[in-house]
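# Survey of secondary and tertiary structure
Residues per chain are reported as follows:
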Amino acid sequence: MDQRDIQILQAIAELGTGSPDEIAGHTDIPKSTVHYRLTKLKDAGIVTNDLYDIDLEKVGFDITVITEVAAEYDEQYHKRVGEKLADVEGVNQVYFTMGETDFVVISHLSDREMVHRLISDYERIDEVVRTSSRFVIETIKDEPNALNDFDSETLLEQTQEIE
């Protein structure tokens, strides 16, 4: 990847769209070049879809719950338990972690009843030993596009190692 690819990726992250017209207008890269490079980035699996962020609070899912999950250890348990956690309604992200916590699970819910149902669903998973959940009081930062958190130079330096 080169500087133009990085500019295109950052434009997608900032604009929330993969529209070649909008990206070209934002980056001053010719539309045909943007289209060609987007195709290349998609073929490489770097761009997986066109992203449209949704403000979850505005659609009623304003309770964020972060849950630490401890599970019974056995061979390949992380895949099996991780998939069961991911299948719980309201679960948005599941991370297998190292340390005392096996999984960190992020959920966006609309009310306390949904929170109660979520915790009950966790408890119904046989391999789950215990959970510890926290309500988010205030979101300080929620950047859905990780590329927005890096300078162009850093992205260019790191992605050159991929080629």
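Here, residues in each chain are numbered from 1, in the same order as that chain's written sequence. The predicted origin of the model limits local features to residues at a pLDDT of at least 70 and limits the giving and counting of side-chain atom pairs to 80 or more, whereas totals for whole chains, interfaces and linings rest on all residues. Side-chain figures throughout are based on the complete set of non-hydrogen atoms in the structure, without hydrogens or water.

## As for helix 6 (residues 152–160)
Two residues of an α-helix separated by three or four positions point the same way, owing to the 3.6 residues in each turn. The line we're drawing: Each residue's exposure class comes from its accessible area (1.4 Å probe, protein chains only) as a fraction of the maximum for that residue type: buried when under 20%, exposed when over 50%, partly exposed otherwise. For the purposes of this entry, the term helix denotes a DSSP run of H or I that reaches at least four residues, the term strand denotes a run of E that reaches at least two, and both are numbered from the N terminus. Each direction from the helix axis to a C-beta atom contributes to the arc, which is the arc of those directions. Contacts are residue-level and defined by heavy atoms, with any inter-residue pair within 4.5 Å sufficient.
Taken residue by residue, helix 6 has Ser152, Leu155, Leu156 and Thr159 as its buried positions. On an axial view of helix 6, the arc spanned by its buried residues comes to 100 degrees, and they lie on one face. Helix 6 presents Glu153 and Glu157 as exposed residues on the side facing more than 90 degrees away from its buried surface. Here the buried face of helix 6 lies against helix 1 (3–15).

## Considering the pairing of strand 3 (residues 103–109)
Basically, it comes down to this: Strands were regarded as paired on the criterion that DSSP finds at least two bridges between them.
Of all 7 residues that make up strand 3, 6 are buried, and the element is covered over most of its length. Strand direction decides the pairing type here: strand 1 (residues 63–71) and strand 3, joined by 7 bridges, are antiparallel. Looking across to strand 3, one finds that Ile63 is bridged to Leu109. Pairing of strand 2 (residues 91–96) with strand 3 involves 5 bridges; the strand directions are antiparallel. Looking at strand 3, one finds that Gln93 is bridged to Ile106.

## Here's the deal with the packing of aromatic side chains
Centre-to-centre distance and the angle between the planes together describe a pair of aromatic rings. Where we set the bar: Note on aromatic contacts: the rings of Phe and Tyr and the six-membered ring of Trp form a pair at centre separations within 6.5 Å, being stacked when their planes are under 30 degrees apart, edge-to-face when over 60 apart, and tilted otherwise.
Tallying each qualifying case throughout the model produces 4 aromatic pairs. Here the aromatic rings of Tyr77 and Phe96 are separated by 5.8 Å at their centres, their planes lie at 85 degrees, and the arrangement is edge-to-face. Of the two residues, Tyr77 is situated in helix 4 (residues 77–86) and Phe96 in strand 2; the sequence distance between them amounts to 19 residues. Under the relative-accessibility criterion, Tyr77 is labelled buried at 6%. A residue is classified by how much of its surface remains accessible, and Phe96, at 45% relative accessible area, is partly exposed. Pairing Tyr77 with Phe103 gives two aromatic rings, centres 6.4 Å apart and planes at 80 degrees, and the pair type is edge-to-face. Taken together, the residues span a long stretch of sequence, with Tyr77 in helix 4 and Phe103 in strand 3 at a distance of 26 residues. What links up through ring pairs into an aromatic cluster is the set Tyr73, Tyr77, Phe96 and Phe103.

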